[in-house]
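# Topology and contacts: notes
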Amino acid sequence: MEDLQKLRRKHVCSARRIVVKVGTNMLAAAGPPYGGLDDKRVGAIAEQVASLVKGGRQVALVTSGAIGCGMSELRMRNRPVALPLSQAVASVGQGVLMACYERHFRRHGLHAAQVLLTHEDFDNRERYLNASNTLHALFDLPCVPVINENDTISTEEIKFGDNDRLAALVTHLIRAELLILLTSVAGLYLERPRGGSPGKIVEVVERVDQDIEKLAYEGTSLSGVGGMRSKIEAARVATEAGEGALIADGRDPVILRKIMAGELVGTLFLPRAGRLKSYKRWIRFTSRPRGSLQVDAGARTALVERGKSLLPSGIKGVEGDFKRGDVVRIKGPKGEEFARGLSNYAGEEVQRIRGCQTSQIEEILGYSYYDEVVHRDNLTLLE
Ligand code: GLU
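Now for a look at the structure at hand. Since this is a predicted model, take the numbers as computed values, not measurements. (Residues numbered from 1 in each chain as written. Predicted model: local features only at pLDDT ≥ 70, side-chain atom pairs only at ≥ 80, totals over all residues. Heavy atoms only, no water.)

### Some points on the sheet that holds strand β6 (residues 204–205)
Spatially, the eight strands line up as an open sheet ordered β3-β4-β2-β1-β5-β7-β8-β6, and their pairing is mixed. Where the open sheet ends on each side, the last strands, each with one partner, are β3 (112–117) and β6. Across six bridges, the pairing between strand β1 (residues 17–22) and strand β2 (residues 58–63) is parallel. Counterpart to I18 in the pairing with β2 is V59. The sheet contacts of helix α5 (residues 83–106) involve β1, β2, β3 and β4 (144–149), and relative to β3 the element is tilted by about 150 degrees. (Pairing = 2+ DSSP bridges. Helix = DSSP H or I, 4+ residues; strand = E, 2+ residues; numbered from the N terminus. Contact = heavy atoms within 4.5 Å. Axes fitted to C-alpha atoms, helices over the stretch in contact; angles between N-to-C directions.)

Structure representation (structure tokens):
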């Protein structure tokens, strides 16, 4: 492996567009019983982000903390469990959170531009492109997009799950070269830190595999969600599309400066292979699959080794009630998912034409839009 310093220069210092994710734990002020926002920490983040922007970089901030802030405003001791209540609490907290960012960014001649997103904005291709255009327009102003999930209207089905995932998807949305996940630990520990001993940090991860996933210990807090597992998963989503990711300690008030100067802080996840095209990323990571197609061994080989499209003849089974244009999983004979793509036919249409020759489509359905069920241009392999 190249030396660590060189890797930092190549994958971190050179990044021009960056996503920085800040977790609830980092923003919560200590002190009983209703901490509120740690104003100093928000100030430190704003100052560092502003200096990156002044240095010519584009930075999008993904921030949690709306529910935590709302809890403190409303004097609540426990994180609300019921969805409508947590949505209501988030709507109280989001304004307070933004006001704090705006106050700090203003000092540096910048504005904090609120962007609230739901998973539906990512699923729908048109909304996705709109959101991307808006973020690029904000960079040009220049402003700092301050992004959170639109908690107030996100129901269980359309939730991202956590802001680590949201941050990884924003990395794809704007094609950032680096995702920095700031948290309240120094990085990914080789073993769980125990009383007093600082523990050893993994300096660089070449590939997120099972050994790396095992290092995640579940840690969530009173007001946040996620934990190390969701950070590793976010790093996987970024690196598999060819971008770098870093998990580092956001409690350090100059952490971003250190990171961008190439200091060996936190855990660096190296990009895997080349940068994936924007459209293929959307198919592979962003849009949620609505069904699946099981194919035979011959079709699997044609897709994986010969770069072919998926024809009806190779399809053995269909699951899900998907529409034309939806993303579907493509599974091999053993049920293993190996690709994703946009289906040219709805689920019930594929049911009727599976196993048939292309020339029979029209006879069976009474029409034939395409010869392929999934065209190569709309397909991405997972390995
Ligand atoms: N959107 C939530 C909030 O602002 C946080 C989600 C998360 O921490 O991952 O409170």
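Still more ground to cover, so stick around.
### Structural notes on the site of the ligand
Every one of the 10 residues lining the ligand counts as a neighbour, but A66, I67, N148, D151 and N163 are closest to it. Backbone polar atom of I67 to an oxygen atom of the ligand: 2.9 Å apart, as the coordinates give it. Protein chains shield 97% of the accessible area of the ligand, which is 300 Å² for the free molecule. The residue inventory of the shell around the ligand, partitioned by class, reads three nonpolar, five polar and two charged. (Near = heavy atom within 4 Å. Polar contact = N/O pair within 3.5 Å; in protein donor to acceptor, adjacent residues only side chain to side chain. Areas by Shrake-Rupley, 256 points an atom, 1.4 Å probe, with all protein chains shown as cover. Nonpolar A, V, L, I, M, F, W, Y, C, P; charged D, E, K, R; others polar.)

### With respect to the side chain of R57
Position of R57 among the secondary structure elements: in the loop between α3 (39–54) and β2. Although R57 is buried, it forms no salt bridge, and the closest oppositely charged side chain is E177 at an N-O distance of 7.6 Å. Reaching out from R57, the side chain makes a polar contact with the backbone oxygen of C13 at a distance of 2.6 Å. Separated by 2.8 Å, the side chain of R57 and the backbone oxygen of A15 make a polar contact. Filtering out sequence-adjacent residues up to four positions away, R57 remains in contact with C13, A15, R16, I18, L52 and M260. (Buried < 20%, exposed > 50% of the residue type's maximum accessible area, 1.4 Å probe, protein only. Lys, Arg positive; Asp, Glu negative; His and termini not counted. Salt bridge = Lys/Arg side-chain N within 4 Å of Asp/Glu carboxyl O.)

### Some thoughts on the sheet that holds strand β9 (residues 291–295)
The five strands are arranged β10-β9-β11-β12-β13 in an open sheet whose pairing can be described as mixed. Each edge of the open sheet is held by one strand with a lone partner, namely β10 (315–319) and β13 (379–381). Across the sheet, the mean angle separating the axes of adjacent strands is 25 degrees when strand polarity is ignored.

### As for helix α13 (residues 297–306)
Those residues of α13 lying buried are A299, A302 and L303. Around the axis of α13, the buried residues are gathered within 90 degrees of arc, so they sit on the same side. Looking at the buried side of α13, the elements it contacts are β9, β11 (327–331), β12 (337–342) and β13. Where α13 ends, the next residue or the one after it, G307, has phi of about 65 degrees, a positive value. (Arc of directions from axis to C-beta.)

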